[in-house]
Amino acid sequence: MHCFGVRPLPWRAVALALGCLMAFASSIAWGQAALSAPSASATGRIAGRVIDGGSGRPLTSVRVRVGGIAGVVETDLDGRFRTPLIPAGLHSVSAALIGYKPVQLDTVRVEAGQTKAVTIALTTAPVRLEELQVISDRPAPVSSAAGLLAAQQSAMAVVDGVSAETISRTPDSDAGQAVTRVTGVAVVQDKVVIRGLSERYSSSLLNGVEIASPEPEKKFVSLDIFAAGLIESIIAAKTATPDRPGDFAGGIVDIQTKEFPNNFVFSFGVSQGYNSRSTFKSFPRAPRSGSDRFGFDGRGRGISSAPSGTERFAESLNGIWTPASRRALPAFGADFALGGRKDFGNDALGFIFSLNYGTGRDYNPDRFDAASAAPFRIQEANERVELGGIFNLTYRLGAFHKFGLKNFYSRSSNELVRQSQGGDLGDGPSLNYQGDYIQQYVQQTQLTGDHSLPGFLNSRIEWKASYGRASRQDLDNRQLRYLDTGSGFKISSVVPSFRYNADLLDKSSTGQVDWSIPFSLRASGDALVKVGGAYRKKDRTFDAGSLEIAVGADFPEDLKTLPPEQLLAPENLGPGLILYEGAGSLSPYVGRDEVKAGYGLLDFELLPSVRIVGGARWEQWAASLTEGGVVTSKTKGDLLWSANVSYSLSPTTNFRLAGYRTVARPDLRELSRGGYPADVGGNPVIGDTTLVPSSILNADARFEVYPAPEELFAVSLFYKRFDRPLLVVRRYAGGNVVSPVNGELATSLGGELEFRKRLGFLDNRLRGFLVNGNLTILRSRIKMPVALGAYEPDLQFQGQSPYLINVGLTYATPGSSLTASVLFNRFGDRILQYGTGGSTGGEQGYNVLERARSALDAKVKMAIWRGWSVSVSGKNLLNSRSDLIADKAITTGFSVLGRSLSGISVSTGFSYAR
């Protein structure tokens, strides 16, 4: 038996190290404050970015001047600039570049000791410099809502996003919660759904590159591993361009972490949370010690490597099945960030370090699950720990070169204690006990380079190289089953009990090079050719071992009714009694997934107001999986074309059209023939070696208006046609297992409406209010293979809700000393799994649907004194229940398949930032 135990990490050493780090950071902060106090009392800076208002590309060597201040600064290859120290107060900032209309921003307010961030968009003009155009609107940083909308307006393709500023005004604690604020995006059972399409039809990127995944059954990385405090922005690209990966249909979510602050950053905060279902309630809690507090197994939970079938080995295993009940403490969270920059003449070094920590408890004493032939009543307790951080370094060499080192790490652990009663796996009702500890982590290191080459076709070269690792360890998942005898329960010898370890390791290596060459058509540098190549390799190893709890024929009947700890006591273990025997239900495998890509892109203005971005991308995919000595190989090449047309009806209005071809490929896990259930009575997931990629044709149209820096109105239509769509079905005949399959054909037609409006009526007394909302309406159909059974002709495509709704109202005082937000989200019924008939033309089994659900969240944050602030957040204020149902009558007479309630959560936080 392979040993999957993790060597305990000395938690005292970890705590001491963290304490020293925070003390060191605090000393730096106070030292920095002391050194800068004389000048910071009356001076500050202006920093920002200058972009081409038509294409959104950064502009290099733009001359930026502050009115009344001697000297000029120039933008670097990212279009960024930073002024020297200037007096606090109102200033005007002008930007000029030959070939563009100069722009002047008035009313740029510089606070003492702070850096004011601005974004400036220049529009093309004849070579002769004209008079300055004065714009009195206040500028916005890229990480703000207004700055993000400005980038969205000039983007190559249809994109939506959420900024760090918007996230800070929500009670969202991670990216998985924050991304639901994006138009057409939802999270279904921890899986991201874009435009109603299941997670397999989306891709996740971290700073522009794919992420290694610790999930055994999902392609899309769970976004809850990314703490909200680490995020600069989340962008969802909904149409394709040749310079992005082509394996998606719903969209590509790109999470950008914070980097290169314009001034010294020091912040920390703590929070505590109350949940109506768990906090201060008595719940079963497994023993915890040592490094458990930081998400590292501290109790050696993994099954030892001793041979099975011996009494000594059986006695060495964890014997805790019904842990003592304890009061659930409030959830706790802490975050810390330190950053800054140092200028060396024309060079600059920036860094940011951020650390997040959180603990919480979930208790569901009355969960309902009817996945089998009869319902289970479940009492479930879960204790979780999250630890994550980033460390990014960026070095700018002059105005034309930049290098970056980005590091991300996230770790989590979940300890589950579950007891269920009822159900029927073919042997009658049962009483089941389960304990499980899952620890997982994701880490990624990325090197980047960005080089502007004025002497070489005025071109630009960008490159990225990354290496990531992700691991998920399911340590000692133990499941014990008792049968209902009518007069009590006794250990089952019909459906075996078992315990297992499962260890998944995912390693990902990526490389990408892009070369952009501007050229002139109608004006100087108004067009661009971009070519590049990319390589991605993902190696996955799944190792597992399982033990069956074998009840001997000589085991006394009167002892079979003992509770778990007494039943499995040392005196009851041995030959002829109860032993742990090796079981072959788990199937280890080794797999590799590779994609080699090359592309060419052309970006130009056909007419003064018509921009075209188009080209093609070739992707060569190869996957292989070795399992039980059998090798499964898949290869396929795809030519993925795309065209995006933007018609600028006015400086604030765009009309966009897009057409493109994309693909969706099976994951390595889906090619595996082995599987295992996550809980007693659960359905194992069994792969299919015959799966093939799905080809998708896409068409989009969008009308968008940006009337003001923080305002938007947009209407979109989209159509998608799937050839051989990838699906998940539940096979009721012959084992009741879950399996991926290829459908025949699917279509999806949808529309999106989005708006953001600053309330300015009543003599501007409501100017602090911003209302925003988005609505997605979908109609989908799928044609299933005849071999899976007889299906309804108007069957809805898997994962697609008929509608998604987000509405929010935000209030902020001038200077944002007080912010408040109320957010509402609702989605319609959606199919999670299709049922199969089990034979050609046979009647289809029932489909599993998730019922429509609404969520109401709110947050208030107030500055109280010199950088200190307090916040109060509420989530799921409607106390909505999650229901799974069958979409038609079931022979046993019930239609509710699952029911759970997460409760109302309220948290308070105190933070300091400067």
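Residues numbered from 1 in each chain as written. Predicted model: local features only at pLDDT ≥ 70, side-chain atom pairs only at ≥ 80, totals over all residues. Heavy atoms only, no water.

Considerations on the overall build of the protein chain
Argument step 1. From N to C terminus, the protein chain includes six helices and 48 strands.
Argument step 2. Per-residue burial over the protein chain gives 53% buried out of 914 residues.
Argument step 3. Element-wise, carbon and sulfur atoms account for 58% of the exposed surface of the protein chain, whose accessible area totals about 36,900 Å². (Helix = DSSP H or I, 4+ residues; strand = E, 2+ residues; numbered from the N terminus. Buried < 20%, exposed > 50% of the residue type's maximum accessible area, 1.4 Å probe, protein only. Areas by Shrake-Rupley, 256 points an atom, 1.4 Å probe, with all protein chains shown as cover.)

Brief notes about the pattern of salt bridges
Argument step 1. Per the stated rule, a full pass over the model turns up 40 salt bridges.
Argument step 2. Where Arg361 meets Glu383, a salt bridge forms, and the shortest distance between an N and an O atom there is 3.3 Å. On the criterion of sequence distance, the pair formed by Arg361 in strand S21 (residues 347-369) and Glu383 in strand S22 (residues 376-397) is long-range, its members being 22 residues apart.
Argument step 3. With its nearest N and O atoms 2.8 Å apart, the salt bridge here joins Arg384 to Asp362. Residue Arg384 is found in strand S22, and its partner Asp362 is found in strand S21; the two are separated by 22 residues along the sequence.
Argument step 4. For Arg384, a relative accessible area of 23% translates into the label partly exposed.
Argument step 5. A relative accessible area of 34% means that Asp362 is categorised as partly exposed.
Argument step 6. Because the salt bridges share partners, they merge into one network encompassing Arg285, Arg288, Asp292, Asp297, Arg301, Arg361, Glu383 and Glu415. (Salt bridge = Lys/Arg side-chain N within 4 Å of Asp/Glu carboxyl O.)

Some points on the environment of Asn318
Argument step 1. Position of Asn318 relative to the elements: it lies in the loop between helix H5 (311-316) and strand S19 (325-327).
Argument step 2. Those residues in contact with Asn318 that lie beyond four places of it in its chain are Arg299, Asp476, Arg478 and Arg499.
Argument step 3. A distance of 2.9 Å separates a polar atom in the side chain of Asn318 from the backbone nitrogen of Ile320. (Contact = heavy atoms within 4.5 Å. Polar contact = N/O pair within 3.5 Å; in protein donor to acceptor, adjacent residues only side chain to side chain.)

Description of the packing of aromatic side chains
Argument step 1. Going through the model one piece at a time under the given rule, you end up with 17 aromatic pairs.
Argument step 2. Here Phe283 and Tyr363 contribute two aromatic rings whose centre-to-centre distance is 6.2 Å and whose plane-to-plane angle is 55 degrees, an arrangement assigned as tilted. With Phe283 in strand S18 (residues 282-284) and Tyr363 in strand S21, the pair connects residues that are 80 residues apart, well separated along the chain. Neither Phe283 nor Tyr363 differs from the other in exposure class; each is buried.
Argument step 3. Aromatic ring contacts, followed pair by pair, group Phe266, Phe268, Phe336, Phe353, Trp868 and Tyr912 into a single cluster.
Argument step 4. Positioned above the aromatic ring of Tyr437, the side-chain terminus of Arg301 is 3.9 Å from the ring centre. (Phe/Tyr/Trp six-rings, centres within 6.5 Å; stacked < 30°, edge-to-face > 60°. Lys NZ or Arg CZ within 6 Å of the ring centre and 35° of its normal.)

Overview of the side chain of Glu752
Argument step 1. Inspection of the secondary structure puts Glu752 in strand S38 (residues 745-758).
Argument step 2. Using a relative accessible area of 4% as the deciding quantity, one classes Glu752 as buried.
Argument step 3. One polar contact links Glu752 to Lys238, side chain to side chain, over a distance of 3.3 Å.

Structural notes on the side chain of Asp506
Argument step 1. Relative to the elements of secondary structure, Asp506 occurs in strand S27 (residues 497-519).
Argument step 2. Side-chain polar atoms of Asp506 contact the side chain of Arg540, separated by 3.3 Å.
Argument step 3. Not counting chain neighbours up to four residues away, the residues in contact with Asp506 comprise Ala212, Ser213, Gly468, Arg469, Ala470, Lys538, Asp539 and Arg540.

As for unusual backbone geometry
Argument step 1. Even without being a glycine, Leu457 presents a positive backbone phi close to 60 degrees.
Argument step 2. For Leu457, the location among the structural elements is in the loop between strand S24 (430-453) and strand S25 (459-484).
Argument step 3. With a phi angle near 50 degrees, Asn879 is a residue other than glycine that sits in the positive phi range.
Argument step 4. Note that Asn879 resides in the loop between strand S45 (868-875) and strand S46 (881-886).

Here we look at the environment of Ala714
Argument step 1. Looking at the element boundaries, Ala714 is found in strand S35 (residues 712-723).
Argument step 2. Residue Ala714 is classed as buried on the basis of its relative accessible area of 1%.
Argument step 3. Remark: the alpha-carbon pair of Ala714 and Arg756, spanning 42 residues in sequence, is separated by 9.3 Å.
Argument step 4. Setting aside residues up to four positions removed in sequence, Ala714 forms contacts with Arg702, Phe703, Glu704, Glu752, Leu753 and Glu754.

Considerations on the nonpolar core
Argument step 1. Ranked by internal contacts, the top residues of the largest apolar core, which has 36 residues, are Tyr201, Phe722, Ile782, Met784, Phe797 and Tyr834.
Argument step 2. Among the secondary structure elements, those contributing two or more residues to this core are S27, strand S28 (527-551), strand S30 (589-607), strand S31 (610-627), strand S36 (726-731) and strand S42 (830-835).
Argument step 3. Among the elements that make up this core, the one with the highest residue count is S27 (four residues).
Argument step 4. With residues near it in sequence (within four places) discarded, Tyr201 still touches Phe248, Ala249, Gly250, Gly251, Ala664, Phe722, Pro725, Leu726 and Phe797.
Argument step 5. Counting 20 residues, the second largest nonpolar core, distinct from the first, contains Val64, Val73, Ala95 and Val108. (Core = buried A, V, L, I, M, F, W, Y, C linked by side-chain atoms within 4.5 Å.)

Structural notes on the pairing of strand S40 (residues 803-812)
Argument step 1. Going residue by residue along S40, you find Leu804, Asn806, Gly808, Thr810 and Ala812 tucked away on one face and Tyr803, Ile805, Val807, Leu809 and Tyr811 left uncovered on the opposite face.
Argument step 2. As defined by bridge partners, strand S39 (residues 769-783) adjoins S40 across nine bridges and the pair is classed as antiparallel. Within S40, the position partnered with Asn774 by the bridge is Asn806.
Argument step 3. For S40 and strand S41 (residues 818-827), the ladder comprises nine bridges, and the chain directions are antiparallel. By the bridge assignment, Ile805 is partnered in S41 with Arg826. (Pairing = 2+ DSSP bridges.)

Quick notes on the environment of Ser739
Argument step 1. Mapped onto the elements, Ser739 comes out in strand S37 (residues 737-742).
Argument step 2. Judged by relative accessible area, which is 5%, Ser739 ranks as buried.
Argument step 3. Each C-alpha atom, one on Ser739 and one on Pro684, is 8.5 Å from the other, the two residues being 55 residues apart in sequence.
Argument step 4. Not counting residues up to four positions away in its chain, the partners in contact with Ser739 are Ile686, Gly687, Asp688, Leu727, Val728, Val729 and Arg731.
Argument step 5. Separated by 3.1 Å, the side chain of Ser739 and the backbone oxygen of Ile686 make a polar contact.

Points about a nonpolar patch on the surface
Argument step 1. Residues Tyr647, Leu649, Phe655, Leu657, Phe703, Phe713, Val715, Leu753 and Phe755 make up a contiguous nonpolar surface patch of roughly 720 Å² in combined accessible area.
Argument step 2. Contributions of two or more residues to the nonpolar patch are made by strand S32 (630-650), strand S33 (653-664), S35 and S38.
Argument step 3. Its location among the elements puts Phe655 in strand S33.
Argument step 4. Residue classification places Phe655 among the partly exposed residues on the basis of a relative accessible area of 33%. (Patch = residues over 30% accessible without salt bridge, like charges linked within 9 Å, V, L, I, M, F, W, Y side chains within 5 Å.)

Here we look at the pairing of S31
Argument step 1. The pairing of S30 with S31 spans 18 bridges and is classified as antiparallel. Bridging across to S31, Asp593 finds its partner in Ala623.
Argument step 2. From the end of S30 to the start of S31, which pair antiparallel, there are two residues.
Argument step 3. Linking S31 back to S32 in an antiparallel pair, the connection comprises two residues, with Gly628 at a positive phi of about 60 degrees.

Brief notes about the confidence of the model for the protein chain
Argument step 1. Per-residue pLDDT for the protein chain averages 79, and the proportion of residues at 70 or more is 79%.
Argument step 2. Between residues 1-40, whose pLDDT stays under 50, and residues either more than four places distant or in other chains, the model counts 55 contacts.
Argument step 3. Between residues 126-146, whose pLDDT stays under 50, and residues either more than four places distant or in other chains, the model counts 56 contacts. (pLDDT = per-residue confidence, 0-100.)

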